[in-house]
Amino acid sequence: MIEFRNISKVYKMGEVEFVALKGVFITVQKGDFISIMGPSGSGKSTLMNIIGCLDTPSEGSYYLEGKNVSGLTFDQLSTIRNRKVGFVFQNFNLLPYASAYENIELPMLFNGKKGAERKARVDELLEMVGLAPWAKHRPTEMSGGQQQRVAIARALAMDPPIILADEPTGNLDSKSGHEIMEIFSQLWKGGRTILMVTHDPAIAAFSKSTIRLLDGAVQANGIPN
Amino acid sequence: MRMQLLHLYWNEFRKRQKKTSLITFAIAWGALSLLLLMSFGRGLSNAGSVSFKGLGSTMIMLTRGQTSKPYQGLPRARRIHIHMEDLELLKRQIPGIAMISPEANNSHNISYRGKESNRSVNGVYPCFAEMRSQIPAAGGRFINDLDQEKARRVAFIGWNVAKELFGDSNPVGKEIRIEQTPFTVIGVMKKKQQSSMYQGPDSETVYIPFSTFCQIDFQRFLDRIHIRPADPRDALFMENQVRRVLGRKYRFADDDANAVNFWNTIRDYETGAKIFKGIEIFLSIIGALTLLIGAVGVTNLMYAVVKERTREIGIKMALGARRRHIVMQFFLETFAIFFKGTLWGTLIAFNIVSLVNLVPIGYEDFGIKAYLLRPIFSLDILIVFLVVLCVLVFVSGIFPALRASRQNPIEALRYE
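Calculation notes
Residues numbered from 1 in each chain as written. Chains lettered and ligands numbered in written order. Predicted model: local features only at pLDDT ≥ 70, side-chain atom pairs only at ≥ 80, totals over all residues. Heavy atoms only, no water. Helix = DSSP H or I, 4+ residues; strand = E, 2+ residues; numbered from the N terminus. Rg over C-alpha atoms; globule rule 2.2 N^0.38 Å. Buried < 20%, exposed > 50% of the residue type's maximum accessible area, 1.4 Å probe, protein only. Contact = heavy atoms within 4.5 Å. Areas by Shrake-Rupley, 256 points an atom, 1.4 Å probe, with all protein chains shown as cover. Lys, Arg positive; Asp, Glu negative; His and termini not counted. Charge placed at Lys NZ, Arg CZ, Asp CG, Glu CD. Domains from an automatic or database assignment. Buried area = accessible area lost by both parts, 1.4 Å probe. Salt bridge = Lys/Arg side-chain N within 4 Å of Asp/Glu carboxyl O. Polar contact = N/O pair within 3.5 Å; in protein donor to acceptor, adjacent residues only side chain to side chain. Expected span 1.5 Å × (residues − 1). Nonpolar A, V, L, I, M, F, W, Y, C, P; charged D, E, K, R; others polar. Pairing = 2+ DSSP bridges.

> Explanation requested: the overall build of chain B in the structure shown.
A tally of helices and strands in chain B yields 14 helices and ten strands. At 33 Å, chain B has a C-alpha radius of gyration far larger than the 22 Å of a compact globule built from 416 residues. For chain B, the C-alpha atoms occupy an extent of roughly 100 × 60 × 30 Å along the three principal directions. Taken over 416 residues, chain B has a buried fraction of 52%. Excluding contacts between residues fewer than 6 apart, the proportion of contacts in chain B whose partners are at least 24 apart in sequence is 78%. Approximately 19800 Å² of chain B is accessible, and the part contributed by carbon and sulfur atoms is 60%. Charged side chains of chain B number 54 positive and 35 negative; the gap between the two group centres comes to 9 Å.

> Help me understand unusual backbone geometry in this model?
The backbone of Phe92(A) sits at a positive phi, close to 65°, despite the residue not being glycine. As for its placement among the helices and strands, Phe92(A) is situated in the loop between β6 (85-88) and α3 (100-111).

> I would appreciate a short explanation of the domain arrangement of chain B in the present structure.
Frequently, the measure chosen for interface size is the accessible area removed from exposure when the parts meet. Residue and element names in this part refer to chain B. Considered domain by domain, chain B is made up of domain 1 (2-54 + 273-414) and domain 2 (98-229). Computed from C-alpha coordinates alone, the two centres of domain 1 and domain 2 are separated by 54 Å. A combined buried area of about 850 Å² lies between domain 1 and domain 2, and 48% of that area is made up of carbon and sulfur atoms. Linking domain 1 with domain 2 are zero salt bridges. Put simply, domain 1 and domain 2 have zero residue pairs in polar contact (both at pLDDT 80 or more) between them. Where the side of domain 1 that touches domain 2 is concerned, the elements lending two or more residues are α2 (17-55) and α12 (368-372). Per-element accounting of the side of domain 1 that touches domain 2 gives the leading share, five residues, to α2.

> Even after reading the chapter, I still don't get helix α9 (residues 265-308) of chain B, so can you show me in this structure?
Side chains that are three or four residues apart share a direction in an α-helix, a result of its 3.6 residues per turn. For α9(B), which comprises 44 residues, the first-to-last C-alpha distance of 63 Å matches the rise-based estimate of 64 Å (1.5 Å per residue) to within 8%. At the N-terminal boundary of α9(B), the capping side chain belongs to Asn264(B), with an oxygen 3.2 Å from the backbone nitrogen of Ile266(B).

> Teacher, can you tell me more about the interface of chain B and chain A here?
Contact residues are listed per partner, giving 26 residues for chain B and 29 residues for chain A. Summed over both sides, the interface of chain B with chain A buries roughly 2700 Å², with 63% coming from carbon and sulfur. Here chain B is connected to chain A by zero salt bridges. Where the side of chain B that touches chain A is concerned, the elements lending two or more residues are α1 (3-15), α10 (310-318), α11 (323-356) and α14 (409-414) of chain B. Ranked by residues supplied to the side of chain B that touches chain A, first place goes to α1(B) with eight residues. Tallied by class, residues from the side of chain B that touches chain A come to eleven nonpolar, five polar and ten charged.

> What exactly am I supposed to notice about the environment of Ile376(B) here?
Residue and element names in this part refer to chain B. Tracing the chain through its elements places Ile376 in the loop between α12 and α13 (379-405). Residues Ile376 and Leu35, 341 residues apart in the sequence, show an inter-C-alpha distance of 9.9 Å. Discounting residues that sit within four places of it in the chain, Ile376 has contacts with Ser39, Arg42, Gly43, Asn46 and Ile381.

> For this particular structure, what's the right way to read the pairing of β6(A)?
Residues in a regular strand point their side chains to alternate faces of the sheet. Residues and elements named next belong to chain A. Burial along β6 is two-sided: the residues Val85 and Phe87 and Gly86 and Val88 are all buried. As defined by bridge partners, β6 adjoins strand β7 (residues 162-166) across four bridges and the pair is classed as parallel. Paired with Val85 across the strands is Ile162, a residue of β7.

So this is what it looks like as structure tokens:
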């Protein structure tokens, strides 16, 4: 489903070059639940960003569902982000001016889905994350756990096969964190492919296997949990 | 673009509306300035044109002169007078004369039932009225061909003469005396605005048939000959023709500009119209610059807004927003600010123009008031305004919007 062939990423900051990833080969099968671990600066986020088509590799080829994604235009990548990938961020990244309902609806608006279809989907997702009564509330009126559940619902709006979560529990207390991980487990059991960056072994324990990164290279792949 | 997306953009815009109120004011002010300056400029131009036509805008006026150079052994500084027979000469020799009228005048005592007044009495042909924009007020008429032919004792009087002798009563049909000769008043001049004149305004003058004038007043020379060319574009050509024909008769050089004098109102009118148009354009440019300052302010604000919302842009990109979704949002915000500002500016400008137009102006006090208090808010002004506005909206909106859409999604997401 996801295949990295010799992916490298180099950031240039003036004269200084920073190698974020070097020669990474990974393969993720449909239905995997993988944790990506490693010290900060090891390239976890860069890896996630390339998988999520937010960033493009400097070298190498990235195949998503068998198609080479390298070299696509911004708008083509936008379409992939919209349909294939759902993002869950550490700091939730909800739109502050929009209600829970509107936040969840957003990816469907960029896709041009019909009103009735959108409403049905948003209601279904709010129900799923247990926030139906909070539909009209703004993110600022919600707890961290609730905000992250809205973010998960939003990631699922377009029913993408892949969920990318960058430290999804990093800003949450352990109880809320576990609730979030329970949702991820449910999603995985529902057949979705999940990749999750974390540095917490207790959180990583929810996943099926782990990829360890160090200094931009894969140190260990497919460690079963 | 989905309505729902517009609704979302609108919500995000509304939350920040307080921050935009100052710039909205600047746009309203700019729009107001532009519209007012254009309207007042047009009013000025119009007043200029109206008052020019008070004298007559399609005629050439010929008066006596003095030679300025020797010619065929004759010295310079000879007086050249014009005579009645020159009228026939010009008509015969120059094709393309549509109308021609002599004018001779003298000051005479005018009286009606004991009221007396000293006025200029002018003898003219019937076609004089049309060349000099003299329209009879309702119930009266100007001198006609029969009056001229039979040398009837009839008079067409300026409205101030009428007022002085008759007060508010209707002078038409009444008998006035010019010196001791009785004349029937056949018409009163309709009021008009007149900015340029010779020997006083038309409102103070009495006109009688030229033939009648010759019977009550003996003059060897004509004061003026008025000529209207069939085609106004021939104005300058005709002037030269007249000078050539008279030069042969009175023996002065073709290029002697002072031998006879011309008042070419066609040329004056064209020059005047150009000057007024120039002023109008100049005022419009000042107005447009005022609006431009507002537009620069909007661009500035939008750059700040883009920066402030970098992270939201990143979020939207991560959720699948295309570049056009981002461009559209910021462009629409620019549009909304402009729309609100110009709506206010236009409403206020329209009301000011309407109110100012309510200020009464008499025909007597033709002057600064007529130029300044009759602004015109016309369709073409509105069209020019909208074109300027569209250009400004586009230019001031597109650059911040493009910057927003060209953000790197990752950097945008990391932005604090």
